[in-house]
Amino acid sequence: LPDMPPPHEPRAPEEPLRVLFLSRISPMKNLDYALRVLMDFDLPLTFTIVGPQEDAVYSKFCRELSNTLPDNIQVRWIGPTTPDVIPQIMASNDLFFLPTLGENFGHVIAEALGAGTPVLLSDRTPWRGLAELGIGHDLPLNQPHRFHDALCRAWHQSASEAARVRARAASNARDRQRSSADVEANRALFRAVLETASSEGKQFKGARK
């Protein structure tokens, strides 16, 4: 992650909430769930969808579903993109929305937080306790009203509170990155000690022969 998140243009009051879905367009990523949540959202919102089409039938279904959304929801289909522009795409949005059916880790979630963008996720990723950290939500998929409520809270958030959330998100991402680096460094040290001990043991046995 970069030392500082990319610049973010604050959202003015009454302007549409800028929400991003960035992932493969496949059933596992659950884009249709996000679109269904937006069906009942009655405030101005721009929903940007970025990612390659992995399943043509599912993608067509989601596009047709997006065409039934109310007029206050603007959907932007961007398609695939390159890794170098992802941080800025993340930073240009107010919220990252990924109601995935399951993630082993979720690197795209780390990228969102690294860009200072809070996240709205299902509870099927390792990223948990986000509300307690003040950087987003991880919610059960059988309670879509809670996703709707989280979007409403994000829309009504003041510019100053949104800025504080973004700062916490970026800080959390960097803390996690440093923690992961420290763990990996300790593992490497431990492996090196074991390899040295094994080598010395072999030499000792050879000397006794």
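Below is a summary of the structure that appears in this document. The structure displayed is predicted, hence computed values, not measured ones.

### Topic: the packing of aromatic side chains
Following the criterion strictly, the structure yields four aromatic pairs and no others. When the centroid spacing of 6.5 Å and the interplanar angle of 55° are considered together, the rings of F47 and F97 count as tilted. Of this pair, F47 sits in strand β2 (residues 45-50) while F97 is found in strand β4 (residues 95-98), placing the two residues 50 residues apart along the sequence. We classify F47 as buried; its relative accessible area is 0%. Judged by relative accessible area, F97 falls into the buried class, the value being 0%. Plain terms: the ring middles of F97 and F147 are 5.9 Å apart, the flat faces sit at 25° to each other, and that makes the pair stacked. Note that F97 is positioned in strand β4 and F147 in helix α6 (residues 144-156), a separation of 50 residues in sequence. Accessibility classification places F97 together with F147 in one group, the buried group. One aromatic cluster is present, formed by Y33, F47, F97 and F147 through successive ring pairs. Over the ring of W155 we find R11, and its NZ or CZ is 5.1 Å from the ring centre. Note that R63 overlies the ring of W77, its terminal NZ or CZ placed 4.3 Å from the centroid.

Calculation criteria
Residues numbered from 1 in each chain as written. Predicted model: local features only at pLDDT ≥ 70, side-chain atom pairs only at ≥ 80, totals over all residues. Heavy atoms only, no water. Phe/Tyr/Trp six-rings, centres within 6.5 Å; stacked < 30°, edge-to-face > 60°. Helix = DSSP H or I, 4+ residues; strand = E, 2+ residues; numbered from the N terminus. Buried < 20%, exposed > 50% of the residue type's maximum accessible area, 1.4 Å probe, protein only. Lys NZ or Arg CZ within 6 Å of the ring centre and 35° of its normal.

Interpretation in functional terms is not warranted from these geometric data alone.
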